[in-house]
Amino acid sequence: MNKTSPLILQPDAAGLARAAALLAKGSLVAFPTETVYGLGADARNGAAVAGIFAAKDRPHFNPLIVHVPSISAARRYVVWSDTADILARAFWPGPLTLVLPLAEDHGLSPLVTAGLPTVALRAPAQASAQVLLETFGGPVAAPSANPSGRISPTTADHVVQGLGGRVTAVVDDGACSVGLESTIVGLVPEPTLLRAGGLPLEAIEASLGLRLSNLPRPSSNETVTAPGQLASHYAPNATLRMNATSAAPGELLLGFGPMACDLNLSVSGDLYEAAANLFDHLHRLDDLNRPIAVAPIPMHGLGNAINDRLNRASAPRMP
Ligand code: TXA
Ligand code: MG
């Protein structure tokens, strides 16, 4: 943990005005979205964006999501399309990120896009995030507010534990309701699932009336055609074993459905509840410094994204 601690701001008018003013002067502000807490900076300010990479220890080839309050704000930065319009009207604000071609005079720092000709955009639903974005009045680059490669934060406390004084302020608006990062869909050249997440793939396919292509995940750090698909990610300190029906001696058991275990993602087997609990339960078990076994999670709806995060948490670590 870092020795210094960030300023904690309330999600009220005064706290959010303060957060917006800090963003405007180039400071880093962590803020809640319905998915996870983001580490925000003015996406037009290169020095501020560089601060995000430094605070997270994030590889520079991994581009950031730009947060906007609405469709009209998003259109300022990209070449909008009919497919983007269908998806944004159906799911924004909400846990969906769209990757679109950059507009000519976008004004975003090239660090945000890591030099790619596209940018990832998202309008978060969290009411306090909406007020913050409207008050700030500009694009906010924000990856998840955790040290790179570690478990994502779903409470302000997780952010403080992970980043401490590396962030100027944290808006504390309680626990995130979705609990998994947004689903990322690339729209060029054709609709492609780049990351499973808080919006089930089935909902996106139903709204478009077509199946999305699925990008194969590269196995190592070197082949980042769609960044963010690093095999080892979201990793706890402890080792993690998937599809366990019981705990081996010394292991902690993370359960799903009615069963004896140390912590349960959802006793009733509800995948939305399990998603909301996932990162917090991993943080809690990880604090106990013992290997973690995880019960099987069904592979449908949000189960795809939950299994994706668990698979990455259990993958061999990168050097
Ligand atoms: O729910 C979320 O998406 C959270 C909250 C804070 O909004 N943010 C988040 O950001 O998860 P981050 O940086 O942890 O993940 C962003 C992902 C990365 O995997 C990155 O590689 C991918 O988006 N990405 C960003 N720009 C891209 C682009 N132009 N093309 C392809 N992938 C892109
Ligand atoms: Mg992340």
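Structure report, in brief. (Residues numbered from 1 in each chain as written. Chains lettered and ligands numbered in written order. Predicted model: local features only at pLDDT ≥ 70, side-chain atom pairs only at ≥ 80, totals over all residues. Heavy atoms only, no water.)

### Some points on the overall build of the chain
What counts here: The helix count covers DSSP runs of H or I at least four residues long, the strand count covers runs of E at least two residues long, and both are numbered beginning at the N terminus. Note on method: radius of gyration uses C-alpha positions; expected globular size equals 2.2 Å times residues raised to 0.38. Working definition: with a 1.4 Å probe on protein chains only, accessible area under 20% of the residue-type maximum means buried, over 50% means exposed, and in between means partly exposed. Throughout, a residue-residue contact means that at least one pair of heavy atoms, one from each residue, lies within 4.5 Å. The Shrake-Rupley method, run with a 1.4 Å probe sphere, supplies the accessible areas, and residue values consider only the shown protein chains as cover.
Across its full length, the chain holds ten helices and 15 strands. Against the compact-globule benchmark of 20 Å for 319 residues, the chain has a radius of gyration of 19 Å, which places it among compact chains. Based on the C-alpha atoms only, the size of the chain along its principal axes is roughly 60 × 50 × 35 Å. For the chain, the residues scored as buried account for 56% of the 319 residues in total. Contacts spanning at least 24 positions in sequence make up 68% of the contacts within the chain whose residues lie at least 6 apart. Carbon and sulfur atoms make up 54% of the accessible area of the chain, which amounts to about 13000 Å² in all.

### Comments concerning helix 8 (residues 201-208)
Operational definition: The directions considered for the arc run from the helix axis to the C-beta atoms.
All of the buried residues along helix 8 are Ile204, Glu205 and Leu208. Relative to the axis of helix 8, the buried residues are bounded by an arc of 95° and lie together on one face. The inward-facing, buried residues of helix 8 contact helix 4 (82-91), strand 5 (96-101) and strand 9 (183-186). Among the residues trailing helix 8, Gly209 stands out with phi positive, at a value near 70°.

### What about the sheet that holds strand 13 (residues 252-255)?
In any sheet, the strands associate via hydrogen bonds between backbone groups, in a parallel or an antiparallel arrangement. We count it as follows: Whether two strands pair depends on DSSP finding at least two bridges between them.
Pairing is parallel across the open sheet formed by four strands, whose spatial order is 12-15-13-14. The open sheet is flanked by strand 12 (240-241) and strand 14 (263-264), the only strands paired with a single partner. Across three bridges, the pairing between strand 13 and strand 15 (residues 292-294) is parallel. What sits directly across from Leu252, in strand 15, is Ile292.

### Brief notes about the pattern of salt bridges
To keep it simple, the criterion reads: The term salt bridge refers to a pairing of a side-chain nitrogen on Lys or Arg with a carboxyl oxygen on Asp or Glu at a separation within 4 Å.
Tallied over the full model, the rule gives nine salt bridges. Its salt-bridge partner being Arg309, residue Glu181 comes within 2.9 Å of it at the nearest N-O pair. One end of the pair, Glu181, is in the loop between strand 8 (169-171) and strand 9; the other, Arg309, is in helix 10 (residues 303-314), and 128 residues separate them in sequence. Comparing Glu181 with Arg309, the two get one shared label, buried. Counted as one network, the salt bridges with shared partners bring together Glu181, Asp308, Arg309 and Arg312.

### Re the sheet that holds strand 2 (residues 29-32)
The following threshold applies: Orientation is described by axes fitted as lines to C-alpha atoms, over the contacting stretch for helices, and by angles from 0 to 180 degrees between their N-to-C directions.
In space, the eleven strands of this open sheet follow the order 1-8-2-3-7-4-6-5-9-10-11, with mixed pairing throughout. Looking along the sheet, the strands with just one partner apiece sit at the ends: strand 1 (7-9) and strand 11 (213-214). Note: strand 3 (residues 37-42) against strand 7 (residues 140-141), two bridges, orientation antiparallel. Looking at strand 7, one finds that Ala41 is bridged to Ala141. Those strands touched by helix 2 (residues 46-56) are strand 3 and strand 7, and its axis lies near 145° from that of strand 3.

### Things to note about the packing of helix 4 against helix 8
In a packed pair of helices, the relevant descriptors are the angle between the two axes and the axis-to-axis distance. So the rule is basically this: Each angle is binned into one of four classes, with values under 35 degrees roughly parallel, values over 145 roughly antiparallel, values of 65 to 115 roughly perpendicular, and all other values oblique. Working rule for handedness: look at the near helix, and if it is turned counterclockwise from the far one by less than a right angle, call the crossing left-handed; if clockwise, right-handed. Under the grouping applied here, Gly and all other residues not named as nonpolar or charged are polar, the nonpolar ones being Ala, Val, Leu, Ile, Met, Phe, Trp, Tyr, Cys and Pro and the charged ones Asp, Glu, Lys and Arg.
Interaxial distance between helix 4 and helix 8 falls to 10 Å at its minimum, and their mutual angle equals 125°. On the basis of the axis angle, helix 4 is oblique to helix 8. Both helix 4 and helix 8 take part in a crossing whose hand is right-handed. Two secondary-structure elements touch here, helix 4 through Thr83, Ile86, Leu87, Ala90 and Phe91 and helix 8 through Ala203, Ile204, Ser207 and Leu208. Here the residues of the contact of helix 4 with helix 8 are counted per class, giving seven nonpolar, two polar and no charged.

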